[in-house]
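Next come the chains, spelled out residue by residue.
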Amino acid sequence: MGRYVLRRLAQAVGVLWAAYTVSFFVLEFLPGDPVSAMAGGGLTSSPVDPAELAALRAQYGFDKPIVVQYFDYLGRALVGDFGDSVATGRSVTGTIAAALPPTLQLTAAALVLAVLFGGGLAVSATYTSRRWLRQVLLSVPPLAISIPSFWAGLMLVQLLSFRIRLFPAFGNAGLAGLVLPAVTLAIPTGALIAQVLAKSLLATLDAPFVQTARAKGAGRIRVHLRHALRSASLPALTIVGLLVGQLVASAVVIETVFSRNGLGRVMAGAVSVQDIPLVQGVVVFGAFVFVVVNLIVDLIYPVLDPRIVVARPRSYA
Amino acid sequence: MSSVVRSKSIRCAVVSAAAVTLFTGACGTGGDRGGDAGPPRSGGTLRFSVASDAGCVDPQQVGSSDTLYSLRETVDSLTDQDPATGRPVPWLAQSWEVSPDAKSFTFRLRSDVTFSDGTPLNAQVVKANFDAIPKLGALAILSKGYVTGYVGTEVIDEHTAKVTFEQPNAQFLQATSTAALGLISTADAAKTPQQRCSDGVIGSGPFVLSKYVPNQSITITKRVGYGWGSPLWSKQGEAYLDSIEFTVIPESGVRAGSVQSGQLDVATGLGRADEAGLKASGISLLTRSHPGAVFNLGLNNSRPILRDAQVRKAIQAAVDRRQVVEAVFASGTVPATGILSHTTPGYTDLSADLALDVARSKSLLDAAGWQVGSDGIRRKDGTRLSLTVVWFNNSQNTRAALELVQQQLKVVGVELQLQELQVTQFPALLGSGDFDGLWGGDLSRADPDCLRTLYSTQQVNAYRLPPSELDGLLTAQAAEADPVKRAPLVEQAQQLVVRNAYVIPVVELETVLAAAPTVHGLTFESSSRTRLHDTWRS
């Protein structure tokens, strides 16, 4: 078990470093230049003094060779210092800290909704003995996955905010403001969970140990929820781990549609002006969250199924 | 002024500007509801939406209108500019003198003004402000450009300050009326640009910045005891509204829908697609063209094909501006009738030079030796008449407008290839000059000196104009302090730009906003941004 944890930790650190490195070089090789972009800003206005641009470049360390910049940034990032945003002058850590709570609220609420919606759908689809109902329920996930979040969000706003006036259309205000964005975000996520869980539940229900349980006289609900669901939730759990990353990425769209402040908006803004320090900070932070969640998921596996550590250490990486 | 082209909107702009107060709906399709609302009432919060957040709450550093809507209300300026006449009027300065060489400007300040931290306005504050502006970061695009060549400010007495420049700088007087040169307290002028950006600044304006949440909202509250407003405002003393909340809403559909459903009072930046729903709800749009250089197709005049004035003029004659406006832009938008928009002081109507004339376009190209090839595109000595036009997706209508221009030019045998770039690539593109055409080239400025910024070969010269008599005119108008003598210089400069077709003017950039019927007294200032001191809710 100790070696299993250590191996997972080492992988986590590797993922963080890779995210950092890849984003650094991708940004570096994008056409355009953050310093002249902030000075020109897309305007054909007054000429900018080259000496001033040079001073700015030096201030942010953009004048050094790229390898030096890379290790400079990396060294400071290791102690949690991601420097200042080129566009706003604010500290990157401060900016992320300020944008984090609304995004956490949103993704947590969406994840809970998605698990309830996805789990409920999968369980009821596999539990029902009416064939037509099962078909109908099982066709919901593929349909829901194919709806673009952007469109779904705008439709929900049109209906539940502009027409029925049930929820606010924008802003971060309280629980009421959280409902529409969380539901929008939960639709594709919940659908994925439902898809995976239903498939594995169906397979598990045919497994010998379930037959055994049934033969021993366990009730139908008990077999379904205690025996089959526990075993079938492993793949779904893996998906939840992956979905956390996807949720943060989808937050860019959701936060834009619902005009919420948050990491997604910070990220979108930073990318559009090539704000390298800020993008780096958000990418590393996102990777960090992703890695931690997956680490937790990895550590839960052995609890659900002890055979994993012993027999197949690599298959769920 | 062309009577055919946009008589309604021009009448609107002139009437509303002259009346100073523009009641909601006065220029829309709906009736004037201002009359039913009774006498103006004080109090309440106005809920105002904008599309973006600049990430900075210092009016001297920010260039984005979305952020200046709010910050404009927190600072006063030395002068104000009458949107109807373009003339400067007193504000914080009771009077001023411009030296005949347009190098120094002496302002006599009001003595009853205080900043919201309680400190008084005096000549020392003016000096502290102007001394600090050249030291602002490169982010301060607008204000720094206005004080290029700044030598210093002399404190002549407690309430008299003299600002001096190295070279003639006639545009400076108009610049003192902008939010970018709005005065802030001495203490804030001494802070670093970053501090000012994130913490905001103390001004003497009718509202005070009370809350800023990046990417979300800017809230301003009424300054109690305010009593030094611009004479152009209809109400003296304090503002009507208790507070105004500017919410950042990136989606224009959500902005429009929120006004329709009563969740917001005012929405800015609306497009044609939002109009039907708004009109159905009885909400009308208020529009005013931005002063300054219009949206245009800028040509790289150093390219071999485009060096030939006949080719440029042929492109000019083949663009149907009216069609572009009607198909793409919000109603109320007007086609360009010159290189400056009609709301710019010193504007010259050159609509005759910009008339659609396909036959003339074709004959110009024939005369220049370009023969129509088998694919409909012209050729000369084996070269196709094909131009690469670069655009940046930072304005919602650009693609549609360009695609229409592309079709219009194809009719006369000119091929446009459209290339989309990131805004961050813009500075590098200007440096390399690697384009035939460049969509945009607009510059909002209520002073014709924007022509010098854009077209003088001593400036950026993005369009690679050859040195010509235009340079002399642009320098001369910048040195002419007398508006009467400056006008003909500015007129000739506009004629030269348009008649040489250095760039192809297309459409005037418009402020489009929707206001709920309960909003009254919402006016536009000379830069076509809102003026909220006189605004009230019923």
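Predicted, not measured: the structure shown is a model, and the values here were computed from it. (Residues numbered from 1 in each chain as written. Chains lettered and ligands numbered in written order. Predicted model: local features only at pLDDT ≥ 70, side-chain atom pairs only at ≥ 80, totals over all residues. Heavy atoms only, no water.)

To continue, consider the overall build of chain B. From N to C terminus, chain B includes 17 helices and 27 strands. The globule rule puts the C-alpha radius of gyration for 538 residues at 24 Å, and the 23 Å found for chain B is close to it. For chain B, the C-alpha atoms occupy an extent of roughly 75 × 55 × 40 Å along the three principal directions. Sorting the 538 residues of chain B into buried and exposed places 60% on the buried side. Approximately 18,500 Å² of chain B is accessible, and the part contributed by carbon and sulfur atoms is 51%. (Helix = DSSP H or I, 4+ residues; strand = E, 2+ residues; numbered from the N terminus. Rg over C-alpha atoms; globule rule 2.2 N^0.38 Å. Buried < 20%, exposed > 50% of the residue type's maximum accessible area, 1.4 Å probe, protein only. Areas by Shrake-Rupley, 256 points an atom, 1.4 Å probe, with all protein chains shown as cover.)

Attention shifts here to the overall build of chain A. On a plain count of helices and strands, chain A comes out with 14 helices and zero strands. Going residue by residue from the N terminus, the α and β elements of chain A occur as α-α-α-α-α-α-α-α-α-α-α-α-α-α. For chain A, the spread of C-alpha atoms along the three principal axes comes to 85 × 55 × 30 Å. Expressed as a percentage of its 317 residues, the buried residues of chain A come to 44%. Summarising the internal contacts of chain A: among those between residues at least 6 apart in sequence, 74% fall at separations of at least 24. Summing over all exposed atoms, chain A offers an accessible surface of approximately 15,200 Å²; the carbon and sulfur share of this is 71%. Charge centroids of chain A, computed over 24 positive and 13 negative side chains, lie 27 Å from each other. (Contact = heavy atoms within 4.5 Å. Lys, Arg positive; Asp, Glu negative; His and termini not counted. Charge placed at Lys NZ, Arg CZ, Asp CG, Glu CD.)

Quick look at empty space enclosed by the protein now. All names here are of chain B. According to the stated counting rule, one finds six cavities of 30 Å³ or more in the structure shown. Here the largest cavity is characterised by a volume of approximately 90 Å³. In this structure, the largest cavity is lined by Arg72, Glu73, Asp80, Trp91, Pro206, Trp233, Glu525, Thr530, Arg531, Leu532 and His533. In the lining of the largest cavity, the residues fall into four nonpolar, two polar and five charged. (1 Å grid on protein atoms, 1.4 Å probe; cavity = no way out; pocket = protein on both sides within 12 Å on 5 of 7 lines; lining within 4 Å. Points joined across faces, edges and corners; volume = space filled by probe spheres on them. Nonpolar A, V, L, I, M, F, W, Y, C, P; charged D, E, K, R; others polar.)

The residues that UniProt annotates with the feature "domain: Solute-binding protein family" (unreviewed entry) are residues 88–444 of chain B. For the annotated span residues 88–444 of chain B, helix accounts for 27% and strand for 25% of the residues, and the straight-line distance between the end C-alpha atoms is 17 Å. (UniProt positions renumbered as here; feature names shortened; annotations may be inferred.)

Let's shift gears to the interface of chain B and chain A. Opposite the 40 residues of chain B that make contact, chain A presents 41 residues. Roughly 3,500 Å² of surface becomes buried between chain B and chain A when both sides are summed, with 60% attributable to carbon and sulfur atoms. Taken as a group, Ile141(B), Asn215(B) and Thr424(B) account for 17% of the area that chain B buries against chain A, more than any other trio of residues on that side. Across the chain B-chain A interface, the total number found is zero salt bridges. The interface formed by chain B and chain A includes five residue pairs in polar contact (both at pLDDT 80 or more). Looking at the side of chain B that touches chain A, the elements with two or more residues in it are α4 (141–146), α7 (193–199), β8 (207–213), β10 (243–248), α8 (252–260), α14 (426–432) and α15 (450–455) of chain B. (Buried area = accessible area lost by both parts, 1.4 Å probe. Salt bridge = Lys/Arg side-chain N within 4 Å of Asp/Glu carboxyl O. Polar contact = N/O pair within 3.5 Å; in protein donor to acceptor, adjacent residues only side chain to side chain.)

Residue and element names in this part refer to chain B. The full count for this structure, using the stated rule, is one disulfide over all chains. Sulfur-sulfur distance for the disulfide between Cys56 and Cys197 comes to 2.0 Å. One disulfide, between Cys56 and Cys197, carries an S-S torsion of -100° and so falls in the left-handed class. Separated by 141 residues along the polypeptide, Cys56 in the loop between β1 (45–50) and α2 (65–71) and Cys197 in helix α7 bring together distant segments of the chain. Like Cys56, the residue Cys197 is buried in the burial classification. (Disulfide = S-S within 2.5 Å.)

The subject of this paragraph is the pattern of salt bridges. When the charged atoms of two side chains lie near each other, side chains of opposite charge can form a pair. Residues and elements named next belong to chain B. Inspection of the entire model under this criterion finds 24 salt bridges over all chains. Salt-bridge contacts for Asp434 lead to Arg303; the nearest nitrogen and oxygen are separated by 3.2 Å. Residue Asp434 is located in the loop between α14 and β20 (437–440), and its partner Arg303 is located in the loop between β14 (295–299) and α10 (309–318); the two are separated by 131 residues in the primary sequence. A residue is classified by how much of its surface remains accessible, and Arg303, at 23% relative accessible area, is partly exposed. A salt bridge links Asp449 to Arg452; the shortest N-O distance between them is 2.8 Å. For the residue pair Asp449 and Arg452, the accessibility class agrees, reading buried in each case.

Residue and element names in this part refer to chain A. On the UniProt side, "transmembrane region" (unreviewed entry) is annotated at positions that read residues 12–30, 108–128, 140–161, 173–194, 234–258 and 278–304 here. Taken end to end, residues 12–30 comprises 95% helix and 0% strand; its first and last C-alpha atoms sit 27 Å apart. End C-alpha to end C-alpha, residues 278–304 measures 39 Å, and it is 100% helix and 0% strand.

Below, the discussion takes up the UniProt feature "domain: ABC transmembrane type-1" (unreviewed entry) in chain A. Those places that UniProt annotates as "domain: ABC transmembrane type-1" (unreviewed entry) correspond, in this numbering, to residues 100–301 of chain A. As annotated, residues 100–301 of chain A has a helix share of 85% and a strand share of 0%, and its two end C-alpha atoms lie 28 Å apart.

Attention now moves to helix α5 (residues 92–127) of chain A. With 36 residues, α5(A) extends 49 Å from end C-alpha to end C-alpha; this agrees with the ideal 52 Å at 1.5 Å per step. A maximum bend of about 40° is found in α5(A) at Leu100(A), where proline Pro101(A) lies one to four positions downstream. (Expected span 1.5 Å × (residues − 1). Bend = angle between axes of the 7 residues up to and from the residue.)

Turning next to the domain arrangement of chain B. The parts lose accessible area when they come together, and the size of an interface is often stated as this lost area. Residues and elements named next belong to chain B. Along its sequence, chain B is carved into domain 1 (45–289 + 512–537) and domain 2 (292–508). With centres defined by C-alpha atoms, the gap from domain 1 to domain 2 works out at 31 Å. Taken residue by residue, the interface counts 26 residues in domain 1 and 26 residues in domain 2. Approximately 1,700 Å² of surface area, both sides summed, lies buried where domain 1 meets domain 2, with 47% of it carried by carbon and sulfur atoms. If you look at where domain 1 meets domain 2, you find zero salt bridges. In this structure, the connection of domain 1 to domain 2 is made through nine residue pairs in polar contact (both at pLDDT 80 or more). (Domains from an automatic or database assignment.)

Now for the nonpolar core. All names here are of chain B. One finds Val311, Leu365 and Leu409 to be the most contacted residues of the largest nonpolar core, which totals 36 residues. For this core, the secondary structure elements donating two or more residues are β14, α10, α11 (321–328), α12 (358–367), β18 (386–392), α13 (398–411) and β22 (503–507). Counting residues per element, this core draws most heavily on α13, at five residues. Excluding residues within four positions of it along the chain, Leu365 makes contact with Val311, Ala314, Trp370, Arg378, Leu385, Val412 and Val414. Grouped together as the second largest cluster of nonpolar side chains are 35 residues, Leu430, Leu451, Ala462 and Val497 included. (Core = buried A, V, L, I, M, F, W, Y, C linked by side-chain atoms within 4.5 Å.)

This next bit is on a nonpolar patch on the surface. Taken together, the side chains of Phe288(A), Val292(A), Ile296(A), Ile300(A) and Val303(A) present a nonpolar region at the surface, about 420 Å² in accessible area. Summarising the element assignment, Ile300(A) is placed in helix α13 (residues 276–304). (Patch = residues over 30% accessible without salt bridge, like charges linked within 9 Å, V, L, I, M, F, W, Y side chains within 5 Å.)

Attention now moves to the pairing of strand β7 (residues 160–165) of chain B. Residues and elements named next belong to chain B. One ladder, built from five bridges, connects strand β5 (residues 104–109) with β7; its direction is antiparallel. Residue pairing for β7: Arg108 is matched across the bridge by Thr160. Bridge count for strand β6 (residues 150–157) against β7 is six bridges, and the pairing is antiparallel. Its bridge partner lying in β7, Tyr150 is registered against Phe165. The turn linking β6 back onto β7 is made up of two residues. (Pairing = 2+ DSSP bridges.)

Residues and elements named next belong to chain B. The seven strands are arranged β8-β9-β10-β1-β11-β23-β12 in an open sheet whose pairing can be described as mixed. The sheet is open, and its two edges are formed by β8 and β12 (285–289), each paired on a single side. For this sheet, the mean angle separating the axes of adjacent strands, direction not counted, is 20°. Pairing between strand β11 (residues 266–268) and strand β23 (residues 510–515): three bridges, direction antiparallel. By the bridge assignment, Thr268 is partnered in β23 with Leu513. (Axes fitted to C-alpha atoms, helices over the stretch in contact; angles between N-to-C directions.)

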